[in-house]
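These are the residues of each chain, in order.
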Amino acid sequence: MTTYAGEYLDLLPEPPAGRVTAAFRADVARAVGPGGLITEPAQLRTYECDGLTGYRVTPALVVLPATTEEVAAVVRLCARDGVPFVARGAGTGLSGGALPVADGIVIGLARMRAVLSVDVDDQRAVVQPGVTNAGISAAVAPHDLYFAPDPSSQVVCTIGGNVAENSGGAHCLKYGFTTNHVLALTFVTADGDVVQLGGDAPDPVGPDLRAVVLGSEGTLGVVTEITVRLLRRPEAVRTLVADFADAEDAGNAVSDIVAAGIVPAAVEMLDELAIDACERAVQAGYTPGCPAALVVELDGVAAEVEDEFERVQEICRRNRTTHVRIAADPEERARVWKGRKAAFAAMGRISPDYFVQDGVIPRTRLGSTLTRIRQMSEQAGLRVANVFHAGDGNLHPLVLYDGAVPGEAERAEHLATAIVELCVEQGGSITGEHGVGSDKACSMPKMFGPDDLTVMARVRAAFDPQGICNPGKVLPTPRLCGERPGPHRPHPLEAAGVIERL
Amino acid sequence: MTAGETGHETSRDEDLRLTVAPPPAGGDGAGLFDLHHPPSAELISDCVHCGFCLPTCPTYALWGEEMDSPRGRIYLMKLGREGAVALDDTYVQHFDACLGCMACVTACPSGVQYDKLIEAVRPQLERHHRRERHDRLFRAAVFALFPHPGRLRVAAVLGAAYQRSGARRLLHRGRLWSLLPDRLQAVEELMPPARLRRLAARTPEVTPAVGTRRRRVGFLTGCVQRVFFADVNAATVRVLAAEGCEVVAPRAQRCCGALSEHAGREPEALARARRLIDVFAATDVDAIVANVAGCGSTLKEYGRLLRDDPAYAERAADFSAKVRDVSELLAELEPVAPRHPVEGRLAYHDACHLGHAQGVRAQPRAVLRTIPGLQVTDIPEAEICCGSAGIYNLVQPGPAGELGRRKVEKVLSVAPDALATANPGCLLQIRRYWPGDLPMFHPVELLDASIRGVDPIAAARAPGGRRRPPWLRRRHEARTAEPGRF
Ligand SMILES: Cc1cc2nc3c(=O)[nH]c(=O)nc-3n(C[C@H](O)[C@H](O)[C@H](O)COP(=O)(O)OP(=O)(O)OC[C@H]3O[C@@H](n4cnc5c(N)ncnc54)[C@H](O)[C@@H]3O)c2cc1C
Ligand code: SF4
Ligand code: SF4
């Protein structure tokens, strides 16, 4: 078990001491206009959590600016008074990244949702951070273009949140994550300066600060404009759902597809529980009771797609598929995806509460990891549903529990944590796309050594020396995680009564 | 905030007085709510806070504020149940701002029944929150007028006189207009053009089927519908008869209580429901047909509304089981009456209380597609409410106006020759913000025209055709601010 390096501790700023005073509030009100300020206690409480409802902190103030200048003005006030701030998009994050800080403010980007320009010839668009991921594709659809990263939450999550989390989705296997589709950012630094990062060209000269901000989970500043890359819709798309009698076979099929040199647009796997939830929610036509279903999608030039589609079916048959369903038309294809994309949100149909995990394993360990997860689930006496991006080994085990049963939430949390740690043991990672946030900060040392953490802390201190920008997220601190950081301690803020669990 | 801070005064408003059960004081087990059907903790806990409902919520689309989103409202209900917030104007305002459009129910993958939740919350607020005086009076006036066809007829005659007298023009020319409070402007602008001759029209009690009788159906004539949209009722009866239905429309029927129910006026809604059930009790019909989406959705809810009333619970459930929107019934029946062409591009607007609340989307389209020559087109962003929502555009004219303009912009984008929707409220609302002349119909009117062999879209297109009087050509800019800037 690692302990912190001395330099790391030195780099950690003191917790911000600023408070939201009447004067501060009046200045903020002047900066954004009265409609942009939320101050009533009941209203503030609706901002106390994101998609991870287990952690809740009520902010002292919520600000909804409408322009980059307003964001910068608010951040400058925070910097002046040492008041911590947390950016928030749609609040769908699953790692508590947008969890407010007590006595701090939330900067909500939900009013900045204009598509500022679309450049059809160069396949680019400039958008504000509150535009939804699907909103970008909808805005450019008349030009036969789309924005490729497709998190399941795409109808609601914002591009600002996607940039912060470097979000991915089913189609990232072939097309890459958000970072591969963002050319430039307008960025408000932690002291309130407005800067441009990146440029219109895909490979700008000099250090790529755009890439540093991408995936930084709102800890370096606030993104207020994003230049995204757009792709042309592929000529042909073919989708199938193959059922398997066990996950091992399905896992082998995935490995074989990739080994055959085929790069599918997406390969997703759902297990029996996940299928059950999806079918109850949207009747997407998955086979109830099927232990493992693979969704495979190919896209590209028609002739190539047809040829590879045949080979994928052949590989599925070789791995003892029990049934192959081929989407006959775009409507059926949409239905298959609607089911897959509703999977997390549909868990409410089969369980009162759940934890979504997000771990990555080498693709070749799929089968054995799933078997281990099943054993762990049986031992813990808790159901685990599995939905995941099988193509790149990004697992999303959903640990189901009932918060009303005393002790079950804790058991579920332990199981969820044990599952990510299993991923690291298998040579993988603690997060594929949901981020570290509040949830996994204390698990970071499982994956990173003292030197890695020190480098991260240096970067953060360089951007935000005062430590007012989304403090308490991502990097473990003695205050959050104890002197010897490890994942099994109760959250100290929780012990101190600052945050609570549902 | 602690539970201790939640003291609130109980409403003493006579016109809202409860006849069902005396309201227990808040804070006795359900937080702010009394124990007469508080929003269910179980239904609240179904929400996993995923946010999938946010983009389809009209108020979130307008303001981008969490507490005016479905997820935020459910959160406020949860806080209310915990007694962790005060029942004050701030709290009530977020539920008042909800249009009850139920788009969130359609959008939610977890099957959260927001419809049941909000319908539980509204009567609680009516019981325990005293609104400001002007708000109370305005609401009382609305409910003293709308659900009463007799009074509405008188108002319509006066309105017609006002529209013709030149008083209207005078009012609009001067600055007087802008001095009217928002809500009165809304009432004035939404007033349908009254056609005096038709105000007297009544639906016959029994209309025999043409040819072989395939069904015997009851018909709800509606309160506002009967007065301002007598044409739609007449068309409905003709189409049903032409398709082999004997149509029974009891004279004694009154308002179904939908407006009251959507506004949380539970005792009033229940009384109206019971009366309507009684009126239809003796008719012995196979189905009860509504042609107004808002009414139909409430009729389908009678079973739940009257679940506590031993004398009515079962009858109400039976009644609800028979209710069909007119398009549902027509889609079930193999067409027998020959259709004649109606040429043009028709935008079909899903009324929230048909699409979201009743899940009836395919049937009206299917029925319209039986008309040769008619191209039925969907409108982008179809799931977002037009802002009409019962009496919403009267009591919340600001957001209703923004939503109306937003909807009109989307309808304009498909460049239709005409628009069809199954709710008179939507029709008035869209017409209010429409920049020029657009023929608007209830789907059943188009079907009626097609069966009768007339083409109302072509007629409207011809010079001197069905045109809107000049005063109805709105000065409103059709385009709202900047795209995407709501
Ligand atoms: C049902 C469900 C399914 C999901 N599926 C996926 C999936 O398939 N793939 C995936 O990657 N994620 C998924 N997620 C997680 C989540 O949707 C993504 O992380 C998303 O990018 C968050 O966007 P948001 O707008 O909700 O951001 P928020 O949750 O509001 O914020 C997330 C983080 O971004 C920061 N942030 C937000 N906006 C800005 C900004 N403008 N500038 C700087 N920082 C900012 C916040 O401070 C916070 O740290 C899913 C979530 C849910 C609920
Ligand atoms: S979509 Fe359903 S579960 Fe998700 S936040 Fe909305 S109501 Fe809750
Ligand atoms: S009913 Fe309509 S307005 Fe009300 S919360 Fe749901 S989507 Fe929003």
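All values reported here derive from a predicted model rather than from experimental measurement.

**Focus on the site of ligand 1**
Now for step 1: Residues in contact with ligand 1 amount to 36 residues; listed here are only the nearest, Ala87, Gly89, Thr92, Ser153 and Thr158 of chain A.
Now for step 2: Residue neighbours of ligand 1 fall on chains A and B, so the site bridges chains.
Now for step 3: Contacts to ligand 1 include Gly91 of chain A, whose backbone N or O atom sits 2.9 Å from an oxygen atom.
Now for step 4: In this structure, Thr158 of chain A approaches ligand 1 through a side-chain N or O atom, which is 2.6 Å from an oxygen atom.
Now for step 5: For ligand 1, whose free accessible area comes to 980 Å², the fraction covered by protein is 99%.
Now for step 6: Elements supplying a minimum of two residues to the shell around ligand 1: strand E3 (85–88), helix H6 (159–165) and strand E10 (221–229) of chain A.
Now for step 7: Tallied by class, the residues present in the shell around ligand 1 amount to 15 nonpolar, 17 polar and four charged.
Now for step 8: Viewed by domain, the shell around ligand 1 spans two of them, domain 1 (1–111 + 448–502) and domain 2 (115–232) of chain A, each represented by three or more residues.

**Brief notes about the site of ligand 3**
Now for step 1: Looking at ligand 3, the residues that line it are Cys57, Pro58, Pro70, Arg73, Cys98, Leu99, Gly100, Cys101, Met102, Cys104 and Tyr114 of chain B.
Now for step 2: Broken down by class, the residue content of the shell around ligand 3 amounts to nine nonpolar, one polar and one charged.

**So, the sheet that holds strand E3 (residues 245–248) of chain B**
Residues and elements named next belong to chain B.
Now for step 1: Strand order in this open sheet of five strands is E1-E3-E2-E4-E5, and the pairing throughout is mixed. In this open sheet, the two strands that pair with only one neighbour each are strand E1 (206–207) and strand E5 (323–325).
Now for step 2: As judged from the three bridges shared by strand E2 (residues 215–219) and strand E4 (residues 287–290), these two strands associate in the parallel manner. The partner of Val217 across the bridge, within E4, is Ala287.
Now for step 3: Lying over the sheet, helix H19 (residues 313–322) contacts E4 and E5, oriented at roughly 30° with respect to E5.

**Digging into the interface of chain A and chain B**
Now for step 1: Between chain A and chain B, the residue contacts involve 41 residues of the former and 36 residues of the latter.
Now for step 2: Interface area, chain A with chain B, both sides summed: about 2,800 Å², of which 56% is carbon and sulfur.
Now for step 3: The largest share of the area that chain A buries against chain B comes from Arg45, Thr46 and Arg113 of chain A, three residues that together contribute 21% of it.
Now for step 4: Counting across the chain A and chain B interface gives two salt bridges.

**Here's the deal with the nonpolar core**
Now for step 1: If you look at the biggest cluster of nonpolar residues, it comprises 76 residues, and the most contacted ones within it are Met347 and Leu398 of chain A together with Tyr91 of chain B.
Now for step 2: In terms of residue count, helix H10 (residues 272–282) of chain A provides more of this core than any other element does, seven residues in total.
Now for step 3: Not counting residues within four places of it along the chain, the set of residues in contact with Met347 of chain A comprises Ala274, Ala277, Tyr354, Ala385, Leu398 and Leu400 of chain A together with Ser110 of chain B.
Now for step 4: Of all hydrophobic cores here, the second largest spans 55 residues; its members include Val376, Ile379, Leu428 and Leu446 of chain B.

**So, the packing of helix H3 (residues 70–82) of chain B against helix H4 (residues 89–96) of chain B**
Helix-helix packing is described using two parameters, namely the angle between the two axes and the distance between the axes.
All names here are of chain B.
Now for step 1: Axis separation between H3 and H4 bottoms out at 10 Å; the angle between their running directions is 140°. The angle between H3 and H4 falls in the class oblique. You can see that H3 and H4 cross each other, and the crossing is left-handed. Across the interface between the two elements, Arg73, Leu76, Met77 and Gly80 from H3 touch Tyr91, His94 and Phe95 from H4.
Now for step 2: Taken together, the residues of the contact of H3 with H4 break down into four nonpolar, two polar and one charged.

**Notes on helix H13 (residues 366–380) of chain A**
Residues and elements named next belong to chain A.
Now for step 1: Helix length check: H13, at 15 residues, gives a terminal C-alpha distance of 21 Å against a target of 21 Å (1.5 Å per residue), a fit within 8%.
Now for step 2: For H13, the full list of buried residues reads Leu366, Gly367, Thr369, Leu370, Ile373, Met376 and Ser377.
Now for step 3: Of the surrounding secondary structure, the elements contacted by the buried residues of H13 are helix H9 (247–259), strand E13 (266–271), strand E18 (384–389), strand E19 (394–401) and helix H14 (408–425).

**Observations concerning the sheet that holds strand E6 (residues 124–127) of chain A**
Residues and elements named next belong to chain A.
Now for step 1: As summarised here, the arrangement of the five strands in space is E5-E6-E10-E8-E9, forming an open sheet in which the pairing is antiparallel. Two strands in the sheet have a free side with no partner beyond their single neighbour: strand E5 (115–119) and strand E9 (194–198). Sheet twist, expressed as the average angle between the axes of neighbouring strands with direction ignored, equals 15°.
Now for step 2: Both E6 and E10 contribute to a ladder of four bridges, which runs antiparallel.

**Structural notes on the confidence of the model for chain A**
Now for step 1: Looking at chain A as a whole, its pLDDT mean stands at 90, while 95% of the residues score no less than 70.
Now for step 2: Overall, residues 485–502 of chain A carries pLDDT values under 50, and its contacts beyond four positions in sequence, including any with other chains, amount to 47 contacts.

**Looking at the environment of Ile384 of chain B**
Residue and element names in this part refer to chain B.
Now for step 1: Position of Ile384 among the secondary structure elements: in the loop between strand E7 (374–378) and helix H23 (392–395).
Now for step 2: For Ile384, a relative accessible area of 3% corresponds to the buried category.
Now for step 3: In sequence terms Ile384 and Asn423 are 39 residues apart; their C-alpha atoms lie 15 Å from each other.

Thresholds, definitions, all that
- Residues numbered from 1 in each chain as written.
- Chains lettered and ligands numbered in written order.
- Predicted model: local features only at pLDDT ≥ 70, side-chain atom pairs only at ≥ 80, totals over all residues.
- Heavy atoms only, no water.
- Near = heavy atom within 4 Å.
- Polar contact = N/O pair within 3.5 Å; in protein donor to acceptor, adjacent residues only side chain to side chain.
- Areas by Shrake-Rupley, 256 points an atom, 1.4 Å probe, with all protein chains shown as cover.
- Helix = DSSP H or I, 4+ residues; strand = E, 2+ residues; numbered from the N terminus.
- Nonpolar A, V, L, I, M, F, W, Y, C, P; charged D, E, K, R; others polar.
- Domains from an automatic or database assignment.
- Pairing = 2+ DSSP bridges.
- Contact = heavy atoms within 4.5 Å.
- Axes fitted to C-alpha atoms, helices over the stretch in contact; angles between N-to-C directions.
- Buried area = accessible area lost by both parts, 1.4 Å probe.
- Salt bridge = Lys/Arg side-chain N within 4 Å of Asp/Glu carboxyl O.
- Core = buried A, V, L, I, M, F, W, Y, C linked by side-chain atoms within 4.5 Å.
- Buried < 20%, exposed > 50% of the residue type's maximum accessible area, 1.4 Å probe, protein only.
- Parallel < 35°, antiparallel > 145°, perpendicular 65-115°, else oblique.
- Left-handed = near helix turned anticlockwise from the far one by under 90°.
- Expected span 1.5 Å × (residues − 1).
- pLDDT = per-residue confidence, 0-100.

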